[in-house]
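So the chains spell out like this:
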Amino acid sequence: MRSFCASFVAALAIAASTLTAANWPGFRGPNSSGVGSAEALPLEFGPGKNVVWKTELPTGKSSPVLTEKHIFLTAWTADSLLTLALDRRTGELLWKRAVPRGRQEHMHQLNSAASATPATDGTNVYVFFGDFGLVSYSPGGKERWRLPLGPFTNLHGMSASPIVVDDKVVLACDQDVESFVLALEKDTGKVAWKTMRPEVVHGFSTPSVYVSPGGEKQIIVPGSYVLISYSAETGEKLWWVRGLTWQVKPAALVEDGVIYATGWAPGAEPAQRKFFPVFEEVAKEADPNADGLISPQELPEKWKPTGSWRAIDLDRDGFLSARDWSFYIARRGSRNATIAVRPGDARGDLTGSHVVWEYERSVPVVPTPVLYDGLLYIVKNGGILAALDAATGEVGRLGRLEGAIDNYYASPVAADGKLFFASETGKVTVARPGMNWTMLKVNDLGEPAYATPAIGDKRIYIRTESGLYAFGSEGQ
C-alpha cells in the first residue's frame, strides 16, 4: 500500500494549478479527495473545547474552501444569494457579496439554495447557485464575471459544485431534461465547451480529474446509470462504464490510475429491483388512443411507480413518453453499488473490460468515500462504516459508529492519521484508520451539520447550522 505522503503528492500533481496558494481549493479539497496534509489536528473538540474561533453565518449548506489567506463560503436569504469571504487566521468576515435570487428552484427539503461548494484557484473564487448560475469574485470581493444558468429540471434541486481545472471552471448540471457538463474560461467566464449528457437524468455529483497514463487530463462525472469521462480540453466524451444507480450524489475518487465511484438510490437494493417491458409493449395495454403518451389513469397498477408520478414524468407534462418510460425501467432495474475502474488510455464502453471490482453492500446515500493510505472508507445512514482494500475491494471491518448512529450527509475527510465523520445532528466521530478501524472519540457540536469539513494547517473547519468553527489544539 502507498504511504499517505505518496497519495497526497499524487493528488497535488493532478490539481497543481489550483494549489499554488490554496490547500483546500474546492469540494473535499484536492481533486475531491477529502485528504489533507495537516498535522496535530485535535482529537477532541466542540463548542467549549479547542475552539480557535467561531463565526456566525447566514443560512447555507456549502462547505468551506481555503486559500492562503481566505475562507470562502456561500449562503442565502429570501431574495439574495451570498458569497462570503472570511479571514482564515481570525474568522473575521472580510466581505459579503450578493446576486439576486430571481427564482426559487424546486428542491428537496434537505437541499439548500446554497448547497454547492465554491471553488478557488488560490486567488479568485467561483460560486454556483441553482437559483442563478455562476459568479466569480476577486479576493477583494470585486465581481469578475457572471453567467446566468437555468432554470433547471432537477427533481430535488441543484447542488453539484464547480471545480477549477487549469484555466477552466467546470460544472456538471444533471437534470431531468438536457443534462450537460460545462467548461468556462476562468478569467472571462466565456464558454470554452459544453457537452450534453443525454444518458443521465437528475444527479448531484461534483466532477473530478483523472490523468491517463498518456498524460491526457480528463473530467470524470458519475451520473445516473453510468460513469463518464470527458476531455478536459475539448469536452469530447472519451469512455464510459455502466452499472451505477439511477440517482448519484457522491463525487468520484481518483488515485493510482483507478477511479472509484459509488451511488445509492431508493428502490435499487437487490430485493427491490424490477424489470418492466419496453414502451412499445406497455403501450399495447396502456395507450389505447395510440398517441404515444401514457396518463396516470391509463397505466396499469402492476407498472405504477411506488413514489410520485412527478419523479418519472421527466418533462412534467403529466404523461409518460417513450423517453420517460425508458429512464423509469432503467431506474427500476438499476443497482446500488461501489465500483473501481482502471481506464488507462482506453476509449468507448469499458463496462466489461476495465472494472477492477464491485461492492454492493453499505453503499453511502450522499457522502463521497475517502481513500486514505490504500483503504477506502464508506459511511452510510445509521452510522455504518466499512473499510475496503482499494486495490482488491476486500472488506475489512463493517460496523457502526457507536454514539453517532445517525444520518450522514457530510462527506468524511482524513489527515494526521485520523478519519473524521460528521453526522446530521452534529456528532463528529474521529476514528483510527485501518482495515480493522477503531473509534477514538465522538465529539458533539450541539447542532446540525451538513457541510463537509475542510482541513488546513493544524485546524479542521466545520460548518454547522449557525456558523463556521475553526478547531485546533491551539484553541486550548
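Before any of the text, the structure's been laid out above.
All values reported here derive from a predicted model rather than from experimental measurement. (Residues numbered from 1 in each chain as written. Predicted model: local features only at pLDDT ≥ 70, side-chain atom pairs only at ≥ 80, totals over all residues. Heavy atoms only, no water.)

## Structural notes on the overall build of the chain
Heads up, the rule is: Only DSSP runs of H or I reaching four residues or more are called helices, and only runs of E reaching two or more are called strands; each is numbered from the N terminus. A radius of gyration in this sense is built from C-alpha atoms; the matching globule rule multiplies 2.2 Å by the number of residues raised to 0.38. Any two residues whose heavy atoms approach within 4.5 Å are treated as being in contact. The protein chains shown are the only cover counted for residues, whose accessible areas, like all others here, come from Shrake-Rupley with a 1.4 Å probe. Asp and Glu are treated as the negative residues and Lys and Arg as the positive ones, with His and the ends of the chain left uncounted. A charge is said to be at NZ when it belongs to Lys, at CZ for Arg, at CG for Asp and at CD for Glu.
The secondary structure content of the chain amounts to three helices and 33 strands. Relative to a compact globule of 476 residues, whose C-alpha radius of gyration would be 23 Å, the chain shows 22 Å and is just as compact. If one aligns the C-alpha atoms of the chain with their principal axes, the spans along those axes are about 75 × 50 × 45 Å. Contacts in the chain between residues far apart in sequence, at least 24 positions, make up 57% of those at least 6 positions apart. Taken as a whole, the chain presents about 17300 Å² of accessible surface, with 52% of it coming from carbon and sulfur. The averaged location of the 52 negative side-chain charges in the chain is 4 Å from the averaged location of its 48 positive side-chain charges.

## Considerations on empty space enclosed by the protein
Our working definition: In this analysis the probe radius is 1.4 Å and the grid spacing 1 Å, with only protein atoms considered; a cavity is a set of points the probe fits into but cannot get out of, a pocket is an open set with protein on both sides within 12 Å along at least five of seven lines, and lining residues have an atom within 4 Å of a point. Grid points are joined across faces, edges and corners, and a volume is the space filled by probe spheres set on the points. Classes in brief: Ala, Val, Leu, Ile, Met, Phe, Trp, Tyr, Cys and Pro nonpolar; Asp, Glu, Lys and Arg charged; the others, Gly included, polar.
Per the stated rule, a full pass over the model turns up four cavities of 30 Å³ or more. Its volume calculated, the second largest cavity comes out at about 70 Å³. As for the second largest cavity, its lining consists of Val201, His202, Tyr225, Trp246, Ala311, Ile312, Leu314, Asp324, Phe327, Tyr328 and Arg331. Tallied by class, residues from the lining of the second largest cavity come to eight nonpolar, one polar and two charged.

## A few points about the sheet that holds strand β28 (residues 418-422)
Under the convention used in this document: Think of it this way: DSSP has to see at least two bridges between two strands before they count as a pair. A fitted line through C-alpha atoms represents every axis, and for helices the fit uses only the stretch in contact; the resulting angles, taken between N-to-C directions, go from 0 to 180 degrees.
With antiparallel pairing, four strands are arranged side by side in an open sheet as β27-β28-β29-β30. Bordering the open sheet on either side are β27 (413-415) and β30 (438-444), each of which pairs with just one other strand. Geometrically, the sheet is characterised by an average inter-axis angle of 20° between neighbouring strands, direction not taken into account. Inspection of the sheet shows β27 paired to β28 by three bridges, in the antiparallel sense. Counted as the bridge partner of Ala415 is Lys418 from β28.

## Digging into the pattern of salt bridges
The condition that has to hold: What counts as a salt bridge is simple: a side-chain nitrogen of Lys or Arg found within 4 Å of a carboxyl oxygen of Asp or Glu. Relative accessible area decides the class of each residue, using a 1.4 Å probe on protein chains only: under 20% of the type maximum gives buried, over 50% gives exposed, and in between gives partly exposed.
On inspection of all chains with the given rule, the structure shows 24 salt bridges. Asp457 serves as the salt-bridge partner of Arg88, at 3.1 Å between the closest nitrogen and oxygen. Of this pair, Arg88 sits in the loop between β4 (80-87) and β5 (93-100) while Asp457 sits in the loop between β31 (454-456) and β32 (459-463), and the two are 369 residues apart along the sequence. Given the relative accessible area of 6%, Arg88 is considered buried.

## What to know about helix α3 (residues 322-333)
Our working definition: A helix's residues, less one, multiplied by 1.5 Å, set its expected span.
Here α3 spans 17 Å end to end across 12 residues, near enough to the 16 Å set by a 1.5 Å rise per residue. Restricting attention to buried positions, one finds in α3 the residues Asp324, Trp325, Phe327, Tyr328, Ile329, Arg331, Arg332 and Gly333. Buried residues along α3 sit in contact with α2 (279-286).

## What about the layout of surface pockets?
One number sums up the size of the largest pocket: a volume of about 740 Å³. For the largest pocket, the lining is made up of 29 residues, of which Leu110, Ser159, Lys249, Val366 and Tyr409 are closest to its centre. Looking at side-chain class alone, the lining of the largest pocket contains 12 nonpolar, 15 polar and two charged residues.

## Topic: the sheet that holds β4
Pairing in this open sheet of four strands is antiparallel, and the strands run β2-β3-β4-β5 from one edge to the other. A strand with exactly one partner marks an edge of an open sheet, and here the two such strands are β2 (65-66) and β5. Bridge count for β4 against β5 is seven bridges, and the pairing is antiparallel. Each residue of the ladder has a partner; that of Leu81, found in β5, is Val99.

## Comments concerning the side chain of Lys249
To keep it simple, the criterion reads: Polar contact is defined as a pair of N or O atoms within 3.5 Å, subject to the rule that within protein one atom must be able to donate a hydrogen and the other to accept it, and that residues adjacent in sequence are counted only when both atoms are side-chain atoms.
Within the secondary structure layout, Lys249 lies in the loop between β17 (237-242) and β18 (253-255). Although buried, Lys249 forms no salt bridge, and the nearest oppositely charged side chain, Glu269, lies 11 Å from it. Separated by 3.0 Å, the side chain of Lys249 and the backbone oxygen of Trp264 make a polar contact. Filtering out sequence-adjacent residues up to four positions away, Lys249 remains in contact with Phe204, Ser205, Trp264, Val365 and Val366.

## Some thoughts on the side chain of Ser179
Along the chain, the position of Ser179 falls in the loop between β11 (168-173) and β12 (180-185). Here the side chain of Ser179 touches Gln175 through a polar contact of 2.8 Å, landing on its backbone oxygen. When near neighbours in sequence (up to four residues on either side) are disregarded, Ser179 contacts Cys173, Asp174, Met196, Arg197, Val200 and Val201.

## Some remarks on unusual backbone geometry
Residue Pro151 is reached from Gly150 by a cis peptide bond, and omega for that bond is 5°. Within the secondary structure layout, Pro151 lies in the loop between β9 (143-148) and β10 (163-165). For Asn50, which is not glycine, the phi dihedral falls at a positive 55°. Of note, Asn50 is situated in the loop between α1 (4-14) and β1 (51-56). Despite not being glycine, Arg316 has its phi angle at roughly 60°, a positive value.

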